[in-house]
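As a plain string of letters, each chain reads:
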Amino acid sequence: MSLAILGLTFVLGLVIGLPVAITLGLSSMAYLLWNGMPLVVIPQKMYAGMDSFVLLCIPGFILAGNLMNGGGITGRIIRFAQALVGWVRGGLAQTNVASSMLFGGISGTAVADAASIGGMMIPGMKKAGYPADFSAAVTAASSTVGPIIPPSVPMIIVGSLSGISVGKMFIAGAVPGILLGLAMMVTTYIIAVRRDFPRQMWQGWRELGISFLGAFWALAMTALIVGGMLSGYVTPTETAVVASIYAVIVGAFIYRELPLARIPGILIDSAVSSAGILALVGTANVFGWILVSEQIPQMIANAVLSITDNRILVILLINVVLLIVGMFMETIAALIILFVPLMTLAQGVGIDPLHFSVFAVLNLMIGLTTPPVGVCMFVCANIARLPLAPVIRALIPYLITNILVLLLVSYVPAISTWLPSLMDQ
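Residues numbered from 1 in each chain as written. Predicted model: local features only at pLDDT ≥ 70, side-chain atom pairs only at ≥ 80, totals over all residues. Heavy atoms only, no water.

> How should the confidence of the model for the chain be read in this particular structure?
Reading fine detail from the predicted coordinates is not recommended where pLDDT is low. Mean pLDDT for the chain: 85, with 98% of residues reaching 70 or above. Between the elements of the chain, mean pLDDT differs from a low of 76, seen in helix α14 (residues 296-307), to a high of 94, seen in helix α19 (residues 388-411). (pLDDT = per-residue confidence, 0-100. Helix = DSSP H or I, 4+ residues; strand = E, 2+ residues; numbered from the N terminus.)

Have a look at this one:
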């Protein structure tokens, strides 16, 4: 009965539109009250969930991304991407995808990518004659690359949950992230050819070189982050701090588009964003503790393994579950609640934890573009000033592409594990 109350309160909170963090807290409170347990458990478990050195990466990388974005990075990245791929059929759409791949190495969050790139690219694409629904769809779909290519806030959460090195998690996401971006560029090309979208003139090697030099200091942040972790000289948390300092220097003194007077406001905005994520981590940890105490992870693993212990089928079942959950639940909450039970199941059939972690995150990123709770889909539809229905229809080819990449990553472990294995040599 107590589990029924927990589940019903949780579903009711989602149905009436409460924030996920509040829904998790209220459902946990209802469970504790029903069982006569002291409510002091809630702050204790919330603090335990947030009291992690690894989680300090989150405010660090959010701050670094906001500082770089405020320092003129977005326009420079778009200019470089346009010089690089704008001459391909559907040039502005290709630029959109390439910009998201480059921007993903800085922001670490899909929503920041969708808002920053979309704010410039969607109006530009509409002005150039691209359909508004397609412009919003390609922006929303490509924004999901951001949390796969390092740095990545979901990867940080997974590292704190699983004990896997966050550095290894970041490196493991590099190849799948690039693969996902390239697959979307192929999809964009096919759509552009079928619908006869325009291409831009090749702007020449000079423009490519100038635009690269303009974006160099922004792109170098990705090299700084990945190189620092690969070298072993700095932890991911220390890398986040270094990246924030680097962002101030680049934005204020190299690009000179980040007035020092704006930095306090950026600090406050980053703190608010980080607090929202960490509050979600805390309440989800209470909810997760209840599930563990009720042995839900073991029950799920045993139930599935009683049906089949075939590794191929188990991977398929995990992906189906996560795809469905991603349609209704925020990514971080879904990870905290479901990651441990599903990793228990995955390890039961011999799936490498690092491999599982990568395809689990990739799976939930796809959920950011699926109705009814696809956050990136909402952001891009709002920028394009469209209802959701046409954007959802335009997203279907990209959803198919992304699911195919997900299956490839799920069934070919080397895509995720090859680069991290080099760190052990």
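So that's the structure; there's more coming.
> I tried to follow the packing of aromatic side chains on my own but got confused; where do I start?
Here the distance between the centres and the angle between the planes together describe a pair of aromatic rings. Summed over all chains, the structure comprises 13 aromatic pairs. With centroids separated by 6.4 Å and ring planes inclined at 90°, the aromatic side chains of Trp87 and Trp202 adopt a geometry described as edge-to-face. Separated by 115 residues along the polypeptide, Trp87 in the loop between α5 (73-85) and α6 (91-107) and Trp202 in the loop between α10 (166-195) and α11 (204-231) bring together distant segments of the chain. Judged by its relative accessible area of 40%, Trp87 falls in the partly exposed class. Residue Trp202 is classed as partly exposed on the basis of its relative accessible area, which comes to 39%. Residues Phe356 and Phe359 carry aromatic rings whose centres are separated by 5.5 Å and whose planes lie at 85° to one another, so their mutual orientation is edge-to-face. Here the residue Phe356 and the residue Phe359 both occupy positions in helix α17 (residues 353-366), the gap between them amounting to three residues, near one helical turn. Across the pair, Phe359 and Phe356 agree in class, each one buried. An aromatic cluster is built from Phe80, Phe212, Phe216 and Trp217, whose rings are joined through pairwise contacts. Between Arg76 and the ring centre of Tyr255, over which it is positioned, the NZ or CZ distance is 3.9 Å. (Phe/Tyr/Trp six-rings, centres within 6.5 Å; stacked < 30°, edge-to-face > 60°. Buried < 20%, exposed > 50% of the residue type's maximum accessible area, 1.4 Å probe, protein only. Lys NZ or Arg CZ within 6 Å of the ring centre and 35° of its normal.)

> Explanation requested: the environment of Leu322 in the structure shown.
Along the polypeptide, Leu322 turns up in helix α15 (residues 311-328). For Leu322 and Leu342, which are 20 residues apart along the polypeptide, the C-alpha to C-alpha distance reads 9.5 Å. Setting aside its immediate chain neighbours within four residues, Leu322 contacts Leu338, Leu342, Ala360, Asn363 and Leu364. (Contact = heavy atoms within 4.5 Å.)

> Help me understand the pattern of salt bridges, please; the structure alone is not making it clear to me.
For the coordinates displayed, the defined rule picks out three salt bridges. Where Arg79 meets Glu207, a salt bridge forms, and the shortest distance between an N and an O atom there is 2.8 Å. With Arg79 in helix α5 and Glu207 in helix α11, this pair connects stretches of sequence that are 128 residues apart. Overall, Arg79 belongs to the partly exposed group, its relative accessible area being 40%. (Salt bridge = Lys/Arg side-chain N within 4 Å of Asp/Glu carboxyl O.)

> What exactly am I supposed to notice about α14 here?
Quick reminder: α-helices carry 3.6 residues per turn. Residues three or four places apart thus point the same way. An ideal rise of 1.5 Å per residue puts 16 Å on 12 residues; α14 measures up with 17 Å between its terminal C-alpha atoms. All buried positions along α14 are accounted for by Ile296, Pro297, Ala301 and Val304. Take α14 and look down its axis: the buried residues cluster within an arc of 135°, on one side only. Along α14, the residues that are exposed and aim more than 90 degrees away from the buried face are Asn302 and Ser306. Of the surrounding elements, those touching the buried residues of α14 are α1 (2-15), α13 (263-293), α15 and α16 (331-348). (Expected span 1.5 Å × (residues − 1). Arc of directions from axis to C-beta.)

> I keep staring at the side chain of Ser142 and nothing clicks. Help me out?
Considering the arrangement of structural elements, one finds Ser142 in helix α8 (residues 132-143). Among the residues examined, Ser142 registers a relative accessible area of 0% and is labelled buried. At a separation of 2.8 Å, a polar atom in the side chain of Ser142 contacts the main-chain carbonyl oxygen of Val138. Other than its neighbours up to four places away in sequence, Ser142 contacts Asn96, Val97, Ser100, Asp113 and Met184. (Polar contact = N/O pair within 3.5 Å; in protein donor to acceptor, adjacent residues only side chain to side chain.)

> What is the right way to look at the UniProt feature "transmembrane region" (unreviewed entry) in the chain in this model?
The residues that UniProt annotates with the feature "transmembrane region" (unreviewed entry) are residues 47-69, 169-192, 212-234, 240-258, 270-292, 312-342, 354-384 and 396-419. Counting secondary structure, residues 312-342 comes out at 94% helix and 0% strand; the distance between its end C-alpha atoms is 15 Å. Across residues 396-419, the secondary structure splits into 92% helix and 0% strand, with the terminal C-alpha atoms separated by 31 Å. (UniProt positions renumbered as here; feature names shortened; annotations may be inferred.)

> Quick question: what am I supposed to make of the environment of Leu14 here?
Secondary-structure assignment places Leu14 in helix α1. Residue Leu14 is classed as partly exposed on the basis of its relative accessible area of 28%. For the pair Leu14 and Ile42, spaced 28 residues apart in sequence, the C-alpha separation works out to 20 Å. In contact with Leu14, not counting residues within four places along its chain, are Val20 and Thr23.

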